[in-house]
Structures are given as structure tokens and as C-alpha cells.
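What follows is each chain in one-letter form.
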Amino acid sequence: MKIKYKTFILGTTLPLLAGCHTDDMFLVLDKADDKIIYQDMDTLKTTRVMVFEQDYISQEIYKFINPGDTITGTWLDAGLVLKNTFKSNFQATQQRIFRINNKSLITLRQEHARDSMINVIKKQNTR
């Protein structure tokens, strides 16, 4: 019974691990009209385009990306023109980009909120 249980656990987790695909870092070359152009930092050969949807999360990520930044994520090399989201093994929509300049999106959100509050306080104190 123990062997079957371990085999079952391994059989159910192995496909999930195989579904995860983490890429190297990519360099953002340009940005305009809800699209970015990026290249693999190692080879600098293939130029790819990512299109961002009009939903809140996609636009928030797009706002943080600037030319010259590095991005890290999942399936960034899956094609030449990609959407910034993809369907996971569970048919849930997931973002392709996890890190910008080696900072997680959560950290970027917190820094943006902090900087906004600092600017508001500075404006209030100068009056």
C-alpha cells in the first residue's frame, strides 16, 4: 500500500513539474502601444514581441516595463509573437512575466505604492 501511494504521488506531481518552464533573462528593446520587443540576453539573435491585453493586471505589468529592463518568466521563448498570458495545466490564465530587473511583481507594486505615498506627503509639506 505504501509503494502504491508513493507512486501515485510521484505520478501526479511529475506532470505538474514538467509543465513548469522557466526561461533565462530577456532584454526589453522597445515598448509602444501595449507591446514590447525583447531578445534573449545570451544569444541576442531572436527578436520577439509580446502583446499585453487590456485587463488591469496586464496593464499594471506593462506599466512597470521599460526599454533596457530585463524580464524573467515562463514560456517567453515559445513563439515570435506572444500574448502576456497563457493557459496553465489547470486552464487558469497566468502571466508570463514573473520578474522585472530581478524584482518580483509584488516588490514592484509595493515600491510603487511607497513612492506614491512619499510624493503625496512631499506635496502636502511644500504647501
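For the structure, see preceding data.
Report on the accompanying structure. (Residues numbered from 1 in each chain as written. Predicted model: local features only at pLDDT ≥ 70, side-chain atom pairs only at ≥ 80, totals over all residues. Heavy atoms only, no water.)

Attention now moves to the overall build of the chain. Check the secondary structure of the chain and you find 3 helices and 9 strands. Reading the chain from its N end, one meets helices and strands in the order α-β-β-β-α-β-β-β-β-β-β-α. Counting all 127 residues of the chain, 28% fall into the buried class. Counting contacts in the chain only where the partners sit at least 6 residues apart, residues at least 24 apart contribute 58% of the total. For the chain, the exposed surface amounts to about 8,900 Å²; the carbon and sulfur share of it is 60%. (Helix = DSSP H or I, 4+ residues; strand = E, 2+ residues; numbered from the N terminus. Buried < 20%, exposed > 50% of the residue type's maximum accessible area, 1.4 Å probe, protein only. Contact = heavy atoms within 4.5 Å. Areas by Shrake-Rupley, 256 points an atom, 1.4 Å probe, with all protein chains shown as cover.)

Before going further, it helps to spend a moment on the packing of aromatic side chains. Counted according to the given criterion, the structure contains 2 aromatic pairs. Here the aromatic rings of Phe26 and Tyr38 are separated by 5.5 Å at their centres, their planes lie at 90 degrees, and the arrangement is edge-to-face. In this pair, Phe26 sits in strand β1 (residues 26–32) while Tyr38 sits in strand β2 (residues 35–40), placing the two residues 12 residues apart along the sequence. Assessed through its relative accessible area of 2%, Phe26 is described here as buried. Given a relative accessible area of 0%, Tyr38 falls into the buried group. Seen from their ring centres, Phe52 and Tyr62 are 5.3 Å apart, and the 55 degrees between their planes marks the pair as tilted. Remark: Tyr62 occurs in helix α2 (residues 56–64) and Phe52 occurs in the loop between β3 (47–51) and α2; sequence separation between them is 10 residues. (Phe/Tyr/Trp six-rings, centres within 6.5 Å; stacked < 30°, edge-to-face > 60°.)

Looking now at the side chain of Arg96. Relative to the helices and strands, Arg96 is located in the loop between β7 (93–95) and β8 (97–100). Classification of Arg96 as buried rests on a relative accessible area of 9%. Looking at Arg96, its side chain comes within polar contact range of the main-chain oxygen of Trp75, at 2.9 Å. Discounting chain neighbours no more than four positions away, the residues touching Arg96 are Met50, Thr72, Gly73, Thr74, Trp75, Leu76, Leu82, Lys83, Asn84, Thr85 and Phe86. (Polar contact = N/O pair within 3.5 Å; in protein donor to acceptor, adjacent residues only side chain to side chain.)

To continue, consider the pairing of β8. Walk down a regular strand and you will see the side chains alternate between the two sheet faces. Here 3 bridges tie strand β4 (residues 70–73) to β8, and the two strands are oriented antiparallel to one another. Looking across to β8, one finds that Gly73 is bridged to Ile97. Linking two consecutive strands that pair antiparallel, namely β8 and strand β9 (residues 103–104), is a turn of 2 residues; a positive phi of about 55 degrees is found at Asn101 within it. (Pairing = 2+ DSSP bridges.)

Let's shift gears to the side chain of Asp40. For Asp40, the position within the fold is in strand β2. Buried Asp40, no salt bridge; nearest opposite-charge side chain is Arg48, N-O distance 6.3 Å. For Asp40, the residues in contact, after removing those within four places along its chain, are Asp24, Met25, Phe26 and Thr46. (Lys, Arg positive; Asp, Glu negative; His and termini not counted. Salt bridge = Lys/Arg side-chain N within 4 Å of Asp/Glu carboxyl O.)

Tallied over the entire structure, the rule returns 3 salt bridges. Close ionic contact of Arg109 with Glu60 constitutes a salt bridge, the shortest N to O distance being 2.9 Å. Residue Arg109 is found in helix α3 (residues 105–125), and its partner Glu60 is found in helix α2; the two are separated by 49 residues along the sequence. Given the relative accessible area of 11%, Glu60 is considered buried. The residue Arg114 makes a salt bridge to Asp115 at a minimum N-O spacing of 3.0 Å. Residue Arg114 is classed as partly exposed on the basis of its relative accessible area, which comes to 45%.

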